[in-house]
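# Summary of structural features
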Amino acid sequence: MQVLVRDNNVEQALRVLKKKMQREGVFREMKQRKSYEKPSEKRAREKGEAVRRARKQARKQAIREGLIAAPKPKPRFAGGPRRPASPSAPPRSEG
């Protein structure tokens, strides 16, 4: 795995590296390897993962074919329309 550091910006390179490692499943594998996993537990886990992947693939195929509705996209911004505070509620202090 390789990450380029531009303009001596190590923090950004670390973020990119962590994101790549997360996508590859390195952290999940490290966590699993911390302790011994019995072969029966490993088979059960792998079977569950395969079932999840198959369900996800079938769901995506059904959405493409129009058999089920696609989920509503989540808003990409953190904020949103805020409701005004009720008059009886005490003011919240930020701090």
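Above: the structure in question.
Please read these numbers as outputs of a predicted model, since none were measured by experiment. (Residues numbered from 1 in each chain as written. Predicted model: local features only at pLDDT ≥ 70, side-chain atom pairs only at ≥ 80, totals over all residues. Heavy atoms only, no water.)

### Concerning the overall build of the protein
Basically, it comes down to this: Strands are runs of DSSP state E lasting at least two residues, helices are runs of H or I lasting at least four, and both sets are numbered from the N terminus onward. Residue exposure (1.4 Å probe, protein chains only): buried if accessible area is under 20% of the type maximum, exposed if over 50%, otherwise partly exposed.
When its secondary structure is counted, the protein shows three helices and zero strands. Counting helices and strands in the order they occur from the N terminus, the protein gives α-α-α. Per-residue burial over the protein gives 4% buried out of 95 residues.

### A few points about a positive patch on the surface
Here is the rule we go by: Patch building starts from residues that exceed 30% relative accessible area and form no salt bridge, then joins like charges within 9 Å and nonpolar side chains (Val, Leu, Ile, Met, Phe, Trp, Tyr) within 5 Å. Each accessible area is a Shrake-Rupley result for a 1.4 Å probe, and residues are judged covered by the shown protein chains and nothing else. Should a side-chain nitrogen of Lys or Arg be within 4 Å of a carboxyl oxygen of Asp or Glu, the pair is scored as a salt bridge. Positive charges come from Lys and Arg, negative ones from Asp and Glu, while His and the chain ends are left out of the count. A single reference atom marks each charge: NZ on Lys, CZ on Arg, CG on Asp, CD on Glu.
A cluster of basic residues, R15, K19, K20 and R23, forms a positive patch at the surface. Position of K20 relative to the elements: it lies in helix α1 (residues 10–24).

### What to know about a nonpolar patch on the surface
Together, V5, V10 and L14 make up an exposed nonpolar region whose accessible area comes to about 250 Å². Within the element layout of this structure, V5 appears in the segment before α1. Taking relative accessible area as the criterion, V5 reaches 49% and is therefore assigned partly exposed.

### Remarks on unusual backbone geometry
Here the phi dihedral of D7 falls at roughly 55°; this positive angle occurs in a residue that is not glycine. Among the structural elements, D7 can be located in the segment before α1. For D7, a relative accessible area of 77% puts it in the exposed group. Backbone geometry places N8, a non-glycine residue, at a positive phi of 55°. Residue position: N8 is located in the segment before α1.

### What about helix α3 (residues 39–65)?
Since the α-helix packs 3.6 residues into each turn, any two residues three or four apart lie on the same face. For the record, the criterion: Helix span, as expected, comes to 1.5 Å for every residue beyond the first.
Between its first and last C-alpha atoms α3 spans 39 Å; for 27 residues at 1.5 Å apiece the expected length is 39 Å, and the two agree. Of the residues flanking the end of α3, it is G66, one or two places downstream, whose phi is positive at about 85°.

### Topic: the pattern of salt bridges
By the definition in use, this model includes three salt bridges. For E29, the salt bridge is made with R33, and the minimal N-O distance between the two is 2.7 Å. Linking E29 with R33, this pair stays in helix α2 (residues 26–33), spanning four residues, or about one helical turn. Owing to a relative accessible area of 38%, E29 belongs among the partly exposed residues under this scheme. Ionic contacts of the salt-bridge type, sharing partners, join the residues E37, R45 and E49 into one network.

### Notes on the environment of L17
Note the threshold: Contacts: residue pairs with any heavy atoms within 4.5 Å of one another.
Here L17 lies in helix α1. The class for L17 is partly exposed, based on a relative accessible area of 27%. A C-alpha to C-alpha distance of 8.2 Å links L17 and M1, two positions 16 residues apart in sequence. Residue contacts for L17: discarding those within four places in its chain leaves M1 and V3.

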